[in-house]
Amino acid sequence: MPLHPQTVSFLELLSAWTAPPEGAPPVEVDAGPTIEEMRRRIGEVFPVVRRELPHVEDLAVRGPGGPVTVRLYRPEPLERGPLPALVYLHGGGWVLGGVDNVDAACRDLAAGAGCAVLNVGYRLAPENPFPAAVDDAWAVVAAVAREPARYGVAPGALAVGGDSAGGNLAAAVALQARDRGLPLAHQLLVYPVTDTAMDTPSWREYGTGYGLDAATLARFMDLYRDGADPADPRLAPLRAPDLAGAAPATVITAECDILRDEGEAYARRLAAAGVPVEARRFDGVVHSFFLLPEIFDAGAEAMDFAVRRLRAAFGDQAAEGSAA
């Protein structure tokens, strides 16, 4: 399917944003921006609209490497009682990003799904390579399950989710939860990284010029993996020998995204293992569309799909509310 006109406009804006400033000194052909430069600029790409919620609070959860920053969102005041919860993990290739970069999406998920959302500021590579990020993600999930009252969470109504590298962490945590006897209500995987092979047709077809550059993600993966076994299921959930018993899943992919094929392969493997899963590909769009409903109509549609799936997973425990 051809690129959606909104995708064409987005890629033009992205190209202009990444171009060197006028008058900047020339750089070597192979030189790219440093990690520090990318971190400074990731929050400046496009403005987003952040809805107001009655309860937004920054907390800290004890993790294996020190306190883990968590931003808690609730669609109703804390005194109204416990809600189901989604632990959300941001993307950024395990190297970039933080709670601010998915703040708007987390607010929309909380309001739409009628749940609390805990947005996790896990440690980033290369300063903190694998398994730091997944260990932090697990620490937050375990803390919420252990002390739900502290976070205003209904016991036994906990889900995980994330986009891109965050989807990778969510899938890995869902497998850890299964192995450690912690039932999860759902896993929401938005164009997740599920393998380390980087050899699918979508990696080859959309590796350059579609927003998420294959060489950049390969660089990030190398920084994060730091020599760890590429078949470790905490790195590559697709390589887990058995997916049976994992939490029911929603998998969202973008047609013109290097991660499309591995995300869809993971959905097929979940289904083959008897895990309830619903996968949906959004045609004509690229990586990041889910976080940019101001630019992509498909982003708003994907958010509506995600909140419907979460509401169904949480059942009667979700707060009555509206995504409007």
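Per chain, residue numbering runs from 1 following the sequence as it is written. A pLDDT threshold of at least 70 governs which residues receive local features in this predicted model, and a stricter bar of 80 or more applies before side-chain atom pairs are shown or counted, although totals over entire chains, interfaces and linings include all residues. Hydrogens and water are ignored here; the side-chain numbers use all heavy atoms of the structure.

S.K.: Could you clarify how one ought to interpret helix H4 (residues 132-146) in this entry?
M.R.: Structurally, the α-helix is built with 3.6 residues per turn, so residues lying three or four positions apart point the same way. By definition, any uninterrupted DSSP run of H or I lasting at least four residues is a helix, any uninterrupted run of E lasting at least two residues is a strand, and each is numbered from the N terminus. Take the number of residues in a helix, subtract one, and multiply by 1.5 Å to get its expected span. With 15 residues, H4 should reach 21 Å at 1.5 Å per residue; the first-to-last C-alpha distance of 21 Å fits that figure. Note on exposure labels: buried denotes an accessible area under 20% of the residue type's maximum, exposed denotes more than 50%, and partly exposed covers the range between, all computed with a 1.4 Å probe on protein chains only. Burial analysis of H4 places twelve of its 15 residues in the buried class, the great majority of the element. Listed as buried for H4 are Ala-132, Ala-133, Val-134, Asp-136, Ala-137, Trp-138, Ala-139, Val-140, Val-141, Ala-142, Ala-143 and Val-144.

S.K.: Honestly, the packing of H4 against helix H5 (residues 165-179) in this entry has me stumped. Any pointers?
M.R.: What describes two packed helices is the angle between their axes and the distance between those same axes. One can describe the packing of H4 onto H5 by two numbers: an axis separation of 10 Å at closest approach and a directional angle of 55°. Considered as vectors, H4 and H5 are oriented oblique to each other. Considering only the axes of H4 and H5, their crossing is right-handed. Side by side, H4 and H5 meet where Ala-133, Val-134, Ala-137, Trp-138 and Val-141 of the first sit next to Leu-169, Ala-172, Val-173, Gln-176 and Ala-177 of the second. Axis definition: a line fit to C-alpha positions, over the contact stretch in the case of helices; interaxial angles, taken between N-to-C directions, run 0 to 180 degrees. Roughly parallel means an angle under 35 degrees; roughly antiparallel means over 145; roughly perpendicular covers 65 to 115; every other angle is labelled oblique. Should the near helix be turned anticlockwise from the far one by less than a right angle, the crossing is left-handed, and should it be turned clockwise, the crossing is right-handed. Any pair of residues with heavy atoms lying within 4.5 Å of one another is described as a contacting pair.

S.K.: Just checking my understanding: could you explain the nonpolar core for this structure?
M.R.: Within soluble globular proteins, side chains that are nonpolar generally end up buried alongside one another. We define a nonpolar core as any set of buried Ala, Val, Leu, Ile, Met, Phe, Trp, Tyr and Cys residues linked to one another through side-chain atoms lying within 4.5 Å. Core analysis: the biggest nonpolar cluster contains 110 residues, and Leu-109, Val-117, Tyr-224, Ile-252, Phe-289 and Phe-290 have the highest contact counts within it. Once you skip the residues sitting within four places of it in the chain, Tyr-224 turns out to touch Trp-94, Ala-125, Pro-129, Phe-130, Ala-133, Val-134, Leu-169 and Leu-235.

S.K.: I keep staring at the environment of Pro-233 and nothing clicks. Help me out?
M.R.: Take Pro-233: it is sitting in the loop between helix H7 (214-225) and strand E7 (249-256). The class for Pro-233 is partly exposed, based on a relative accessible area of 30%. In this structure, Pro-233 is in contact with Ala-172 and Ala-240, ignoring residues within four places of it in sequence.

S.K.: Explain the packing of aromatic side chains to me, please; I cannot follow it from the model alone.
M.R.: Aromatic ring pairs: the centre-centre distance and the angle between the two ring planes describe each pair. When the centres of two rings from Phe, Tyr and Trp lie within 6.5 Å, Trp using its six-membered ring, the rings pair. Their planes under 30 degrees apart give stacked, over 60 give edge-to-face, and anything left gives tilted. Scanning the entire structure with this criterion turns up six aromatic pairs. On the numbers, 4.7 Å between centres and 10° between planes, the contact of Trp-94 with Tyr-224 is stacked. With Trp-94 in the loop between strand E3 (83-89) and helix H3 (103-113) and Tyr-224 in helix H7, this pair connects stretches of sequence that are 130 residues apart. A network of ring pairs unites the aromatic residues Trp-94, Phe-130 and Tyr-224 as a single cluster.

S.K.: Quick question: what am I supposed to make of the pattern of salt bridges here?
M.R.: Two side chains with opposite charge may pair up if their charged atoms get near one another. The rule for a salt bridge is simple: a side-chain nitrogen of Lys or Arg has to be within 4 Å of a carboxyl oxygen of Asp or Glu. Per the counting criterion, the structure on display carries 16 salt bridges. Two residues, Arg-80 and Glu-76, come together in a salt bridge whose shortest N-O distance is 3.8 Å. With relative accessibility at 60%, the residue Arg-80 sits in the exposed group. Judged by relative accessible area, which is 10%, Glu-76 ranks as buried. The closest approach of N and O atoms between Asp-232 and Arg-234, which form a salt bridge, is 3.0 Å.

S.K.: Is there a simple way to think about the state of the cysteines in this case?
M.R.: Cysteine pairs can be covalently joined through their sulfur atoms, and such a bond is termed a disulfide. For this text, the term disulfide refers to a pair of cysteine sulfurs within 2.5 Å. Per the stated rule, a full pass over the model turns up zero disulfides. Cysteine Cys-115 shares no disulfide, and the gap to the nearest cysteine sulfur, in Cys-106, comes to 9.5 Å. By relative accessible area, which is 0% here, Cys-115 ends up buried.

S.K.: Looking at this structure, how should I read the sheet that holds strand E2 (residues 66-74)?
M.R.: Whether parallel or antiparallel, the strands of a sheet pair through hydrogen bonds between backbone atoms. Taken together, the eight strands give an open sheet; going across it, the order is E1-E2-E4-E3-E5-E6-E7-E8, and neighbouring strands pair in mixed fashion. In the strand order of this sheet, the two ends are held by strand E1 (55-63) and strand E8 (277-286), each with one partner. On average, each strand axis in the sheet is inclined to that of its neighbour by 20°, with strand direction left out of account. Strands are treated as partners if at least two bridges between them are detected by DSSP. Where strand E5 (residues 153-163) and strand E6 (residues 186-190) come together, five bridges link them in parallel fashion. Paired with Val-160 across the bridge in E6 is Gln-187. Taken strand by strand, H5 contacts E3, E5 and E6, and its axis lies near 140° from that of E5.

In short, geometric facts, not functional conclusions.
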